[in-house]
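Survey of secondary and tertiary structure
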Amino acid sequence: MKITEARVIVTCPGRNFVTLKILTDQGLSGLGDATLNGRELAVAAYLTEHLIPCLIGRDAHQIEDIWQYLYRGAYWRRGPVTMSAIAAVDTALWDLKAKAAGMPLYQLLGGRSRNGVMVYGHANGRDIAETADEVQRYLEMGYLAVRAQTGIPGMASTYGVSGDKMFYEPADASLPTENLWSTEKYLAHVPKLFEVLRERFGHGPHLLHDVHHRLTPIEAARLGKALEPHHLFWLEDATPAENQANFRLIRQHTVTPLAVGEVFNTLWDCKLLVEEQLIDYIRTTVVHAGGITHLRRIADFAALHNVRMGCHGATDLSPVCMGASLHLNTAIPNFGVQEYMRHTAETDAVFPHDYRFSNGRLHPGDTPGHGVDIDEQRAAQYPYQRAFLPVNRLEDGTLWNW
Ligand code: EZ4
Ligand code: CO
């Protein structure tokens, strides 16, 4: 099955998505997500200028060899732009192989290990009462796991809280919005949120929280400790993780489970965290961590160390990534949870898909491949619009982590 053509489709049905479509001489085509929020056209150019010319004429079945060719062969390794581009090629090739085999992708990855993929939704509100009502709404929709974020008194805005409850979209402006952050105000408030949620909903539902990289290691340790009575499923991105050894300090102080890795691109970014069991869930994704081939390698390595997969699944990861992720999560032994922020109706119409939500779980479907398509005519109706993620400053103006 020879690759005859590959093209990059950029579309903005409410937000930007970059998709790679690979075509073959067998008449089959495969799709891969290449979306890197706020940096979309860098990946599009990497694909068009540097990867696609190397693909034409290759055997689409040689997924591993092509992965190695694009990774080792480039000399320049790793990084979000490179790994998202490689991921798009890899995902499209797995889609093709499964279509050629006439099987849903999870069958090629070892078959079904579970009946559905537990997902968590995003509840958020301007204050604790509104957040609690939102948690209730998610539980009524059937969710088994809910992430809770709340506005903080004295802060004009914070990560994870938005006017639009269902479709939180942080890349909200053609130049970066500036937010102000106070660690003191945040630390004083967040434990109260989980106290209220446990009082109201008991210990049945899984509750999660995303710090979004804003604390130092010792502050993160303090928050983890304060949240212990409320038994979180996980505390996410408690501190930036470029220096993986920082997590030793957090781990020494708290038994609150930790999740990290939505910004990681390779196994090397998580190696020490996993090896020393400094975290409980690894959040790398199909699109940002080198595709099915590399994410499966991360999952296997994590499994050896009792770390489970908790893939990132915000709206900036396209339905193509979600479809592929659901197949991997159906097959691997060490699945934990999958993040699921619903896409808008416009996005769903551009990307018709087979996956379905029921009773708190997503089901990948059984059509051959990863089960996600693109309607190119519809995609063409939504031209690219530059959009940036916000930046964050401390109250004295110091640039901080968003
Ligand atoms: O901020 O995907 O857990 N989810 C998240 C997301 C990220 C965005 C960045 O593009 O942290 O909302
Ligand atoms: Co996050």
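Here the structure is a predicted model, which is why all the values come from computation and not from measurement. (Residues numbered from 1 in each chain as written. Chains lettered and ligands numbered in written order. Predicted model: local features only at pLDDT ≥ 70, side-chain atom pairs only at ≥ 80, totals over all residues. Heavy atoms only, no water.)

**Details of the overall build of the protein chain**
Just so we agree on the cut-off: Numbering of helices and strands runs from the N terminus, with a helix taken as a DSSP run of H or I at least four residues long and a strand as a DSSP run of E at least two residues long. With the radius of gyration taken over C-alpha atoms, the globule rule is written as 2.2 Å times the number of residues to the power 0.38. Between buried and exposed lies partly exposed: a residue is buried under 20% and exposed over 50% of the maximum accessible area for its type, with that area taken using a 1.4 Å probe on protein chains only. Contacts: residue pairs with any heavy atoms within 4.5 Å of one another. The accessible surface values rely on the Shrake-Rupley method and a 1.4 Å probe; as for residues, cover is taken only from the protein chains in view. In this tally, Lys and Arg are treated as positive and Asp and Glu as negative; His is ignored, and so are the chain termini. By convention, charge coordinates are those of NZ in Lys, CZ in Arg, CG in Asp, or CD in Glu.
Helix and strand counts for the protein chain stand at 13 helices and 16 strands. A compact globule built from 402 residues would reach a C-alpha radius of gyration of about 21 Å, and the protein chain, at 20 Å, matches this within 12%. If one aligns the C-alpha atoms of the protein chain with their principal axes, the spans along those axes are about 60 × 45 × 45 Å. Every one of the 402 residues in the protein chain was classed for burial, and the buried ones make up 58%. Residue pairs in contact within the protein chain that sit at least 24 positions apart in sequence constitute 73% of those at least 6 positions apart. Of the accessible surface of the protein chain, which amounts to about 15,700 Å², a share of 51% is contributed by carbon and sulfur atoms. Where the 37 positive side-chain charges of the protein chain centre and where its 45 negative ones centre are 3 Å apart.

**Regarding the coordination of the cobalt ion (ligand 2)**
Selection rule: Counted as donors are N, O and S atoms no farther than 2.8 Å from the metal, or 3.2 Å for Na, K and Ca; water is not among the atoms, and sites may therefore look incomplete. In these descriptions, tetrahedral denotes four donors with every angle between 85 and 135 degrees, square planar four donors and octahedral six donors with opposite donors over 155 degrees apart and the rest between 65 and 115, and irregular any other case.
Summarising the metal site, the cobalt ion (ligand 2) is bound by the protein donors Asp210 (OD), Glu236 (OE) and Glu262 (OE), whose distances to it range over 1.9 to 2.2 Å. Seen from the cobalt ion (ligand 2), its six donor atoms lie at angles of 24 to 178 degrees, and the figure they make is irregular. Judged by its relative accessible area of 0%, Glu236 falls in the buried class. For Glu262, a relative accessible area of 11% gives the class buried.

**Section: the sheet that holds strand β6 (residues 178-181)**
As a reminder of what qualifies: Note on pairing: DSSP must find at least two bridges between two strands before they are called paired.
Spatial strand order, β6-β15-β16: three strands in an open sheet with mixed pairing. What marks the edges here is a single partner per strand, and that holds for β6 and β16 (399-400). Here four bridges tie β6 to strand β15 (residues 391-394), and the two strands are oriented parallel to one another. Looking across to β15, one finds that Leu180 is bridged to Arg393.

**Here's the deal with the site of ligand 1**
Quick note on the threshold: Think of it this way: one heavy atom of a residue within 4 Å of a molecule or strand is enough to make that residue near it. What qualifies as a polar contact is a pair of N or O atoms within 3.5 Å, subject to a donor-acceptor requirement within protein and to the restriction that residues adjacent in sequence count only when both atoms come from side chains. Amino acids outside the nonpolar list (Ala, Val, Leu, Ile, Met, Phe, Trp, Tyr, Cys, Pro) and the charged list (Asp, Glu, Lys, Arg) are all regarded as polar, and Gly is one of them.
In the vicinity of ligand 1 there are 14 residues, among which Asn37, Tyr159, His212, Glu262 and Asp316 approach most closely. In the model, an oxygen atom of ligand 1 is placed 3.1 Å from a nitrogen or oxygen of the Asp210 side chain. Between ligand 1 and Glu262 there is a distance of 2.7 Å, counted from an oxygen atom to a side-chain nitrogen or oxygen. The class makeup of the residues in the shell around ligand 1 is four nonpolar, three polar and seven charged.

**Quick word on the domain arrangement of the protein chain**
How big an interface is tends to be stated in terms of the accessible area lost upon association of its parts. Quick note on the threshold: Where each domain starts and ends follows an automatic or database-derived domain assignment. Accessible area that two parts lose when put together, evaluated with a 1.4 Å probe and summed over both, is termed the buried area. We define a salt bridge as a contact between a side-chain nitrogen of Lys or Arg and a carboxyl oxygen of Asp or Glu at a distance within 4 Å.
Segmenting the protein chain into domains produces domain 1 (3-104) and domain 2 (108-369). The centre of domain 1, based on its C-alpha atoms, is set 26 Å off from the matching centre of domain 2. Opposite the 35 residues of domain 1 that make contact, domain 2 presents 37 residues. Overall, the association of domain 1 and domain 2 removes approximately 2,800 Å² of surface from exposure, summing both partners, and the carbon and sulfur fraction of that is 62%. Contact with domain 2 buries surface across domain 1, with Asp33, Trp94 and Pro104 losing the most and accounting together for 23% of the total. Run the count over domain 1 and domain 2 and you get three salt bridges. Linking domain 1 to domain 2 there are 11 residue pairs in polar contact (both at pLDDT 80 or more). Counting only elements with at least two residues in the side of domain 1 that touches domain 2, the list comes to β2 (17-24), β3 (29-33), α2 (63-71) and α3 (80-101). Element by element, the count of residues in the side of domain 1 that touches domain 2 is highest for α3, at 13 residues. Counted by class, the side of domain 1 that touches domain 2 contains 17 nonpolar, 10 polar and eight charged residues.

**Quick look at the packing of aromatic side chains**
Where we set the bar: A pair of Phe, Tyr and Trp rings is counted when the ring centres sit within 6.5 Å of each other, with Trp represented by its six-membered ring. The angle between the planes then sorts it: under 30 degrees is stacked, over 60 is edge-to-face, the rest tilted. Distance and angle both matter: a charge sits over a ring if NZ of Lys or CZ of Arg is within 6 Å of the ring centre and within 35 degrees of the ring normal.
Applying the stated criterion to the full structure yields 12 aromatic pairs. Ring geometry for Tyr75 against Trp76: centres 4.9 Å apart, planes inclined by 70 degrees, an arrangement best described as edge-to-face. Under the relative-accessibility criterion, Tyr75 is labelled exposed at 63%. Owing to a relative accessible area of 65%, Trp76 belongs among the exposed residues under this scheme. Ring pairs connect the aromatic residues Tyr120, Phe233, Trp234 and Tyr281, which therefore count as one cluster. In this arrangement the basic side chain of Arg214 is found over the ring face of Trp181, its NZ or CZ atom lying 5.0 Å from the centre. We note Arg342 situated over the ring of Phe357; from NZ or CZ to the ring centre the distance is 4.8 Å.

**Describing the sheet that holds β2**
Threshold: Simply put, an axis is a line fit to the C-alpha atoms, just over the touching stretch for a helix, and the angle between two N-to-C directions goes from 0 to 180 degrees.
Pairing in this open sheet of three strands is antiparallel, and the strands run β1-β2-β3 from one edge to the other. Taken across any chain shown, the strands that pair with only one partner, and hence form the sheet edges, are β1 (3-11) and β3. Pairs of neighbouring strands in the sheet enclose a mean axial angle of 20 degrees, with direction left out of account. Examined bridge by bridge, β1 and β2 share eight bridges and lie antiparallel to one another. Looking at β2, one finds that Ile9 is bridged to Thr19. Contacting β1 and β2, helix α1 (residues 40-55) crosses the sheet at an angle of about 175 degrees to β1.

**Concerning the nonpolar core**
Heads up, the rule is: The set of buried Ala, Val, Leu, Ile, Met, Phe, Trp, Tyr and Cys residues whose side-chain atoms join them within 4.5 Å is what this entry labels a nonpolar core.
By size, the foremost hydrophobic cluster in this structure holds 123 residues, and its most contacted members are Ile22 and Val89. By residue number, the principal contributor to this core is α3, which donates 10 residues. Counting contributing residues per domain, this core is built from domain 1 (3-104) and domain 2 (108-369), each supplying no fewer than three. Apart from residues no more than four positions distant in its own chain, Val89 is found in contact with Leu20, Ile22, Leu47, Leu51, Leu55, Ile66 and Leu70.

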